[in-house]
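Observations on the three-dimensional arrangement
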Amino acid sequence: MTVSSLGVGSGLDLQTLLENMVSVQRDTKVDAYEDRISDYESQVSAYGAIKSALETFQDSVETLNDEELFTGRTATTTQPDSGDIVSVTADEDASNGAYNISVSQLAQGSRSVSADGLFSSSDDVVSSTGGDLTFTAGDETFTVTVEAGTTLAELREQINDADENFGVSANLVDDGNGNVFLTLSSDVTGDGNDLVVTNTDESLDSVSSVATGTGSAGLSIASGEGAQDAIINVDGITINSDTNSFEDAVSGLTIKALAVSEEDSDGELETATSVIDYDTDSVQETLESFVSSYNSLMSTFDSYTDTDAILNGSSLVRGLESQLNADLMTTFLDAGDLTSIFDIGIEMDDDGTLSLDSTAFSEAMEDSYDDVVTLFTGDDGLANIMDEYLDSYTGSSGLMKDLSDAAQEAADDTEEDLENFEYRMDQYEEQLTEKFSNLDVLLASLNNSGTALLESLSSLSS
């Protein structure tokens, strides 16, 4: 005899009994496994967050340890009332000070124009036989080959589209009186860099600045249209450049001429004044980043070590926080009047939060610039002290990575243990099911036998 489900044959609730027996063996242990997995995963998350905060803080520390941060210079330029005449940038080689700059001439390229009466239409043919036109300005040159029958308009397009064109722009100008002029503008600036156009056939003399034949060349450069240098005056010294940019004419400065100075009421050229000083803004921004990332790191420590937090009581985090605080308190004996970072405007509140007093910082930068550099940079500077300590905790081989990996491995191992336990519980449930099924069949058989016996006895009694 068989039964379709537990309890059908015996009339007993064997299914509930089986489930209760399995639950007693399973539920408490499964909860324990899952709690352990959750704790390990929370540790992985905590170590990852702390590692990230440590790396962000270390980035700001490394920036402070870069001496180039403290060698930067800024140029603050005051322009004349008439408008901007120069722009000035400074690098680390610039000397602090003020420079008065005027602009007497801007650099320009040359402009050639064809002679009056040579062309009446853009369709005029420039050469009946053809030849080569070569364009030269300074060290630049390119050549175009002009076919016989080429028109003025076609030549313009050919010049502008030439692959090797170094900056010659060809245009056609119609004066409305029956004359069309070819103009060539070169962007090669500087004295002696006028555009020169030569040819290989005298039929092209009308569009050249140098004639091959016995006649005159068609192109010429008018007065004031030739290539020229830019000329500026810095503190009474006249300086020329073949472009509008003057690099290292004054050591460490790049000066760009923007416009010619106008004359003042005394007939003198107006000047711009550029003041070169230490780039204290970049240093302040870096210090503010250092302060902010330190505070963020301390906040991360607190969030994972508070009461009931996953790393509450962690000696590792306590040790980290204690050592970083000790580093901040480092006393320096070789930084002049500055003995610690708290002498430059960094302050620590009662809760350990840092802040930067910008006024005190500016005073320290003005009075003790070199000593500020000593506080942070070099082998004995605070940045290097902190950087070396943080190295053992950050990066792909740091302690935080090891701890995170260990917690993840423990979570994975516990997950495997849980899977093995669930497998054993499935086996246990199958065994119970088989036993209860056999019991159900037996009880059903006994019930049937009892019923048959009662029926037989009833028949005998009748």
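Note that the structure is predicted; figures quoted are calculated from it, not measured. (Residues numbered from 1 in each chain as written. Predicted model: local features only at pLDDT ≥ 70, side-chain atom pairs only at ≥ 80, totals over all residues. Heavy atoms only, no water.)

What follows deals with the overall build of the protein chain. Assigned secondary structure in the protein chain consists of nine helices and 17 strands. Here the C-alpha atoms of the protein chain give a radius of gyration of 45 Å, more than 25% beyond the 23 Å that 2.2 N^0.38 yields for 462 residues. Counting only C-alpha atoms, the protein chain reaches 155 × 75 × 35 Å along its principal axes. When the 462 residues of the protein chain are sorted by exposure, 38% land in the buried category. Pairs at least 24 residues apart make up 68% of the contacts formed inside the protein chain by residues separated by at least 6 positions. Per element, the accessible surface of the protein chain, about 24300 Å² overall, is 43% carbon and sulfur. (Helix = DSSP H or I, 4+ residues; strand = E, 2+ residues; numbered from the N terminus. Rg over C-alpha atoms; globule rule 2.2 N^0.38 Å. Buried < 20%, exposed > 50% of the residue type's maximum accessible area, 1.4 Å probe, protein only. Contact = heavy atoms within 4.5 Å. Areas by Shrake-Rupley, 256 points an atom, 1.4 Å probe, with all protein chains shown as cover.)

Domain boundaries assigned for the protein chain yield domain 1 (1-72 + 279-439), domain 2 (73-107 + 229-278) and domain 3 (109-221). Centre-to-centre, using C-alpha coordinates, domain 1 lies 74 Å away from domain 3. (Domains from an automatic or database assignment.)

Here the focus is the pattern of salt bridges. For the structure shown, the criterion picks out four salt bridges. One salt bridge connects Glu 422 with Arg 26, and the closest N-O pair in it is separated by 2.7 Å. Of the two residues, Glu 422 sits in helix α9 (residues 399-461) while Arg 26 sits in helix α1 (residues 14-64), which places them 396 residues apart along the sequence. Among the ionic pairs, Asp 405 bridges to Lys 401, the shortest N-O distance being 2.7 Å. Residue Asp 405 and its partner Lys 401 are both found in helix α9; the two are separated by four residues, about one turn of the helix. Under the relative-accessibility criterion, Asp 405 is labelled partly exposed at 36%. Look at the salt bridges and you will find they share partners, linking Arg 26, Asp 27 and Glu 422 into a network. (Salt bridge = Lys/Arg side-chain N within 4 Å of Asp/Glu carboxyl O.)

A few words now on unusual backbone geometry. Excluding glycine, residues mostly have negative phi values, and the peptide bonds linking residues are mostly trans. Non-glycine residue Asp 248 carries a positive phi angle of around 65°. Looking at the secondary structure, you find Asp 248 in the loop between β13 (245-247) and β14 (253-257). Judged by its relative accessible area of 52%, Asp 248 is exposed. The residue Asp 308 is not glycine, and still its phi comes out positive at about 75°. Considering the arrangement of structural elements, one finds Asp 308 in the loop between α4 (280-305) and α5 (315-328).

In terms of nonpolar packing, the biggest core is built from 46 residues, with Leu 54, Phe 57, Phe 70, Phe 290, Phe 301, Leu 324 and Phe 376 touching the most fellow members. In this structure Phe 57 touches Phe 290, Ser 293, Tyr 294, Leu 297, Leu 324, Met 386 and Leu 390, once residues within four positions along its chain are discounted. Of all hydrophobic cores here, the second largest spans 24 residues; its members include Phe 119, Ala 137, Ala 162 and Val 188. (Core = buried A, V, L, I, M, F, W, Y, C linked by side-chain atoms within 4.5 Å.)

It is worth spelling out the sheet that holds strand β2 (residues 86-90) at this point. Strands sit in the order β2-β14-β13 across an open sheet of three strands; the sheet is antiparallel. Whereas interior strands pair on both sides, the edge strands pair on one side only; in this sheet they are β2 and β13. For this sheet the average axis-to-axis angle between neighbouring strands, irrespective of direction, equals 15°. Relative to β14, β2 is paired through five bridges, and the arrangement is antiparallel. Bridge pairing links Ala 90 to Leu 253 in β14. (Pairing = 2+ DSSP bridges. Axes fitted to C-alpha atoms, helices over the stretch in contact; angles between N-to-C directions.)

Attention now moves to the side chain of Ser 127. With respect to the helices and strands, the residue Ser 127 is situated in the loop between β4 (111-114) and β5 (131-137). Overall, the relative accessible area of 2% leaves Ser 127 in the buried class. Here Thr 129 takes part through its backbone nitrogen, which lies 3.3 Å from a polar atom of the side chain of Ser 127. In this structure the side chain of Ser 127 is engaged in a polar contact, spanning 2.7 Å, whose partner is the backbone nitrogen of Gly 130. (Polar contact = N/O pair within 3.5 Å; in protein donor to acceptor, adjacent residues only side chain to side chain.)

Across five bridges, strand β11 (residues 230-234) lies against strand β12 (residues 237-241) in antiparallel orientation. Residue pairing in the sheet places Ile 232 in a bridge with Ile 239 of β12.

Bringing the packing of aromatic side chains into the picture now. If you walk through the whole model with that rule in mind, you get eight aromatic pairs. Aromatic pair Phe 135 and Phe 142: ring centres 4.8 Å apart, planes at 10°, arrangement stacked. The buried category is assigned to Phe 135, whose relative accessible area is 0%. Measuring from centroid to centroid gives 5.4 Å for Tyr 389 and Tyr 393, while their planes differ by 55°, and the two rings are tilted. Across the pair, exposure class does not vary: Tyr 389 and Tyr 393 are buried alike. (Phe/Tyr/Trp six-rings, centres within 6.5 Å; stacked < 30°, edge-to-face > 60°.)

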